[in-house]
Amino acid sequence: MLRVGSSAACVACRSLISNNMGVKFRIPLQKLHPLSRAIHHRYSGNNNPHRTPHRTAARYFTSMSRLPMRPLKPPPGSGGHRHQQQRNFWVARLAARLLRLRYILLGTAVGGGYTAKKTYEEWKDMLPDFSEYNWVIPDFVWELSEHIDLDKLAKALPEMEEIAKLLPDFEKIGENFTFLKGLLSSGVSLGSEVKGASGLHLLENSGDPALKATDSSTGAAHDPSDKQYKKSSDKEKIDQLQEELLRTQLKYQRMLERLEKENKELRKVVLQKDDKGIHQRKVKKSLIDLYSEVLDILSDYDSNYNTQDHLPRVVVVGDQSAGKTSVLEMIAQARIFPRGSGEMMTRSPVKVTLSEGPHHVAMFKDSGREFDLSKEEDLAALRHEIELRMRKSVKEGQTVSSETISLSVKGPGIQRMVLVDLPGVISTVTTGMASDTKETIFSMSKAYMQNPNAIILCIQDGSVDAERSIVTDLVSQMDPHGRRTIFVLTKVDLAEKNLASPSRIQQIVEGKLFPMKALGYFAVVTGKGGTGESIDAIKDYEEDFFQNSRLLRDGMLKAHQVTTKNLSLAVSDCFWKMVRESVEQQADVFKASRFNLETEWKNNYPRLRELDRNELFEKAKNEILDEVISLSQVTPQLWESILQKKLWERVSTHVIENIYLPAAQTMDSGTFNTTVDIKLKQWTDKQLPHKALEVAWETLQEEFARFMAEYKGKDQDDIFDKLKEAVKDESIKRHKWNERAMDSLRVIQHNALEDRSITDKPQWDAAIQFMEETLESRLKDNESVIKDMVGPDWTERWLKWVNRTPEQHIRNETKNELDRLLKLHDDHTAYLASDEVTTVRKNLEGRGVEVDPVLIKDTWHQLYRRHFLQKALTHCSLCKRGFYYYQRHFVDSELECNDVVLFWRIQRMLVITANTLRQQLTNTEVRRLEKNVKEVLDDFGEDLEKKTQLITGRRVQLAEDLKKVREIQEKLEAFIEALHKEK
């Protein structure tokens, strides 16, 4: 805003500086910018007599710069004006330069800092990267270094003189090599003995001056008689040299074993102290645990991805009795498998997870018991348990099973890996075996070996002819290039004794005899053949054998190819190498699977939570228990009303047909009461209590089902329908009604029916109403029966165009004839006499209707029932005013209301029975039903197969797959992270 002109800007700036610094100076009008002079003339007219040019210009530029400025005072008229103006000008210039200087300093600081940082980064990039060498020093060394006293450690180190004692005598070895040099240069042929030591001649080119010295007597002539003597002495020298080399090797081997033993004990102590926080070394220990968890989850994961077979494990295969189990026991350092002589012992796959731990223990995957492998009784119990599980897994009619037995073994110094021991391959099916045993074992072995990441541990018996091997052909088919096969030759001690040519063993371990290829070849000895040998005894025997064996001494076998210890290390290294190469690929597969499943869930069930089968079962369990609890909230009045209604529906037919009608049709008051009392007593003793309990039990079931149905309508998930129906049925099936209440109920009902005293008019009116409703219901049913017998009347025939059938026509004619008889004899009895039946029949025949006497009696029964019920209803209406006569025991033929008293007795029995049953329901049976429901739910919750049957659907399976995939992915990611930390 100030760039109007340079002079104008200067005026504004100077005015601003003068105001801020309190400096007063005056600028001549002639030196102003033309714009300033214009402003001066504009604001110095007559209209503004009090405005000076300087004040006006200052205010103008102040408004332009929007900076606060004090108004300029009129300049004084003193003579020192010019000197004061120049001094003020230099002060302003100095202030401006100082203000400009701070920006220069600030820019210099920022630029210099950036330049220094860039230079530091360039120097840092020039330094070599030492991060690749962090693996040389483990992490726990840095942790221990904080607690280690370096002075004490330096004092504990041995002196150079002590270390020198451990080194071999190089002078003596140089003399021996000088002797060999003289022999070889003299041209003396030493035969196969020299060939056995020919490997030592390679050291001639090592640059040792002692080896390059020549014997001055080499070219001299020798007497022929001395040649034989020198030959034998040279042979002795060579034998002594070989023995000395072997002794040196054994010496260092023993030193290594002693150090390894001490290391093993120290590792055991360290692992025992892990829980106390003294030393935290959990990386390697947790690796195999994490991997084993992944395999366990995969074994339960039922999907179409078939991912389980793509994770590495060591598959142990071999011919029957080739020593597979013995090799696995040597690796596990315990005799854990059942043994037999010549018979098949391994009948199902056994997955053994080996890991490191402070104690030597074993445990099954589905059991919490730990077997102490240092105790013989626990070893025997473990072998027995494995044998029982194998036999239990084999189905009837079969010899082997594909069901896997999972076992974990922990102990100090055990190499971490997962092995699967398979049944031995057989060539012939013997007596007692299933006919498909051979094919089953072959298919089982192929299924495990087809896994591209499985390590095949091929066990071959060295004591039998190689041509009899079956498993080598099978392995060569599964792994033709030998990229994941390790060949193990067992029983080498027997092979050395039995074979005439030990070089055959050399051909086997060099891969020249069998057509298969392998990563490595090993020769082991797993015992003398006795069943009671311990692992330590077998190890000692194996070491003694190879120390004294000519196979190792003559160079047929190399030191790293012998003993089960070297085999265990090699298999473990190969296993972990395969794991590192394949586990990330499997993690990617599960990532893709998880994405696909989550996408399907979002598209199909966007508003529902991802509840798996167990979570859905818990939700359904809570809902069912809430529904059962609702039964206890039913009011007593509702229970009694329901029970009374259902009980009368159950017994009404018996009361009308077997008690009321037979007694009422006697037409005599005394006979009526007697008949009623007898029949009520018989009914109470035999049927009524049973009927009442049946009604109560059915009522409880119906109310339970009703509550479940009502709860279903309250936004309930229909996925629980099958489960709730099964729980209801099983709970009702298990529920047994308390029969002990029947005797007391019988007494209560008998006392209620014996009472005939109606105490007040409301009870009398209620009994009449109950009687009227019952009789009207029966009359309505009777009218319906008669209508079906005679067919439609004339109105229906004309309006609905329907006709009667011939049988209905005969029934109608018979009905009309019997109606005329009832009109003539209104007080007729319930049964027709024979002559009356004959008369009716003849009258119908006279009208051309042939009718059977049985039909006449049947029609009469329905017509008389209607006639009787109509008369009973009329009598019931008359009895409404009969309570006065009943209360005073007046005898009046028209107002003898014994039938009303009967219905009052029945009604009172129903009320008392309903009250008694309600008390039993609410106090006992509902609680017992709740208990049964809880037991059924607990049983179903523990039965995985039952839950799978009752909670089904794509939604459930999708949630199950999502849960499993996420769990597997999390375990794999944790395992991969642990692997990366170990690297």
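Residues numbered from 1 in each chain as written. Predicted model: local features only at pLDDT ≥ 70, side-chain atom pairs only at ≥ 80, totals over all residues. Heavy atoms only, no water.

### Concerning unusual backbone geometry
One non-glycine residue, serine 321, adopts positive backbone phi at about 65°. Mapped onto the fold, serine 321 is located in the loop between β1 (314-318) and α13 (324-332). For lysine 491, which is not glycine, the phi dihedral falls at a positive 55°. If you trace the backbone, lysine 491 turns up in the loop between β8 (485-490) and α17 (492-498). (Helix = DSSP H or I, 4+ residues; strand = E, 2+ residues; numbered from the N terminus.)

### Considerations on the nonpolar core
Grouped together as the largest cluster of nonpolar side chains are 98 residues, with contacts concentrated most on Tyr660, Trp683, Leu700, Trp764, Ile906 and Val933. Counting residues per element, this core draws most heavily on helix α34 (residues 898-942), which supplies 17 residues. Residues in contact with tryptophan 764, not counting those within four places in the same chain, are Ile758, Cys879, Lys880, Gly882, Phe883, Tyr886, Cys897, Val900 and Val901. Ala362, Ile405, Leu597 and Leu979 belong to the second-largest nonpolar core, a separate cluster that totals 67 residues. (Core = buried A, V, L, I, M, F, W, Y, C linked by side-chain atoms within 4.5 Å. Buried < 20%, exposed > 50% of the residue type's maximum accessible area, 1.4 Å probe, protein only. Contact = heavy atoms within 4.5 Å.)

### Some thoughts on the sheet that holds strand β2 (residues 350-356)
Working definition: the strands of a sheet are paired by backbone hydrogen bonds and lie parallel or antiparallel to each other. With mixed pairing, 9 strands are arranged side by side in an open sheet as β4-β3-β5-β2-β6-β1-β7-β8-β9. Every other strand in the sheet has two partners, leaving β4 (371-372) and β9 (520-523) as the edge strands with one partner each. As paired elements, strand β3 (residues 361-364) and β4 share 2 bridges and run antiparallel to each other. Note on β4: the bridge partner recorded for alanine 362 is phenylalanine 371. The sheet strands contacting helix α16 (residues 471-478) are β1, β7 (455-461) and β8, and the helix crosses β7 at an angle near 160°. (Pairing = 2+ DSSP bridges. Axes fitted to C-alpha atoms, helices over the stretch in contact; angles between N-to-C directions.)

### Section: the state of the cysteines
This model, assessed by the stated rule, comprises 1 disulfide. Disulfide pairing places cysteine 879 opposite cysteine 897 at an S-S distance of 2.0 Å. On the S-S bond that ties cysteine 879 to cysteine 897, the torsion sits near -100°, and the link is left-handed. Pair noted here: cysteine 879 is in the loop between α32 (853-878) and α33 (883-888) and cysteine 897 is in the loop between α33 and α34, with a separation of 18 residues, a long-range link. As far as burial versus exposure is concerned, cysteine 879 and cysteine 897 are alike and both buried. (Disulfide = S-S within 2.5 Å.)

### What to know about the environment of leucine 818
Structurally, leucine 818 is set in helix α30 (residues 806-824). For leucine 818, the residues in contact, after removing those within four places along its chain, are Leu832, Val840, Ile856, Thr859, Trp860 and Leu863.

### Here we look at the packing of aromatic side chains
What the rule picks out here adds up to 17 aromatic pairs. With centroids separated by 5.8 Å and ring planes inclined at 50°, the aromatic side chains of phenylalanine 487 and tyrosine 521 adopt a geometry described as tilted. Separated by 34 residues along the polypeptide, phenylalanine 487 in strand β8 and tyrosine 521 in strand β9 bring together distant segments of the chain. Measuring from centroid to centroid gives 5.8 Å for phenylalanine 770 and phenylalanine 903, while their planes differ by 75°, and the two rings are edge-to-face. Residue phenylalanine 770 is located in helix α28 (residues 761-790), and its partner phenylalanine 903 is located in helix α34; the two are separated by 133 residues in the primary sequence. On the basis of relative accessibility, which here comes to 10%, the residue phenylalanine 770 falls in the buried class. (Phe/Tyr/Trp six-rings, centres within 6.5 Å; stacked < 30°, edge-to-face > 60°.)

### Section: the pattern of salt bridges
One pass over the structure, following the stated rule, counts 42 salt bridges. Put simply, lysine 324 and aspartate 421 hold a salt bridge, and the shortest N to O gap is 3.5 Å. Of the two residues, lysine 324 sits in helix α13 while aspartate 421 sits in strand β6 (residues 417-421), which places them 97 residues apart along the sequence. Here the salt bridges share partners, and the residues they tie into one network are Arg594, Glu598, Glu610 and Arg966. (Salt bridge = Lys/Arg side-chain N within 4 Å of Asp/Glu carboxyl O.)

### Section: the packing of helix α15 (residues 437-449) against α16
Closest axis-to-axis distance for the α15/α16 pair is 10 Å, and the angle between their directions is 40°. Note on packing geometry: the crossing formed by α15 with α16 is right-handed. Facing α15, whose interface residues are Phe442, Ser445, Lys446 and Met449, α16 presents Leu474, Val475, Gln477 and Met478. Its residues placed into classes, the contact of α15 with α16 shows 5 nonpolar, 2 polar and 1 charged. (Left-handed = near helix turned anticlockwise from the far one by under 90°. Nonpolar A, V, L, I, M, F, W, Y, C, P; charged D, E, K, R; others polar.)

### Re a nonpolar patch on the surface
Judged by side-chain polarity, Trp794, Trp798 and Leu799 come together as a nonpolar surface patch covering roughly 490 Å² of accessible area. Looking at the secondary structure, you find tryptophan 794 in helix α29 (residues 794-799). The class for tryptophan 794 is exposed, based on a relative accessible area of 57%. (Patch = residues over 30% accessible without salt bridge, like charges linked within 9 Å, V, L, I, M, F, W, Y side chains within 5 Å. Areas by Shrake-Rupley, 256 points an atom, 1.4 Å probe, with all protein chains shown as cover.)

### Quick notes on the side chain of aspartate 461
Residue placement: aspartate 461 occurs in strand β7. A relative accessible area of 10% places aspartate 461 in the buried class. Here aspartate 461 is in contact with Ser321, Ala322, Leu489, Thr490 and Lys491, once residues within four sequence places are set aside.

### Structural notes on the pairing of β7
Counting buried positions along β7 yields 7 of 7 residues, so the element is predominantly enclosed. Both faces of β7 are covered, namely the face carrying Ile455, Leu457, Ile459 and Asp461 and the face carrying Ile456, Cys458 and Gln460. Pairing of β1 with β7, which is carried by 5 bridges, proceeds in the parallel orientation. Its bridge partner being in β7, valine 314 is matched across the sheet by isoleucine 455. Pairing between β7 and β8: 6 bridges, direction parallel. Within β8, the residue paired with isoleucine 456 across the bridge is threonine 485.

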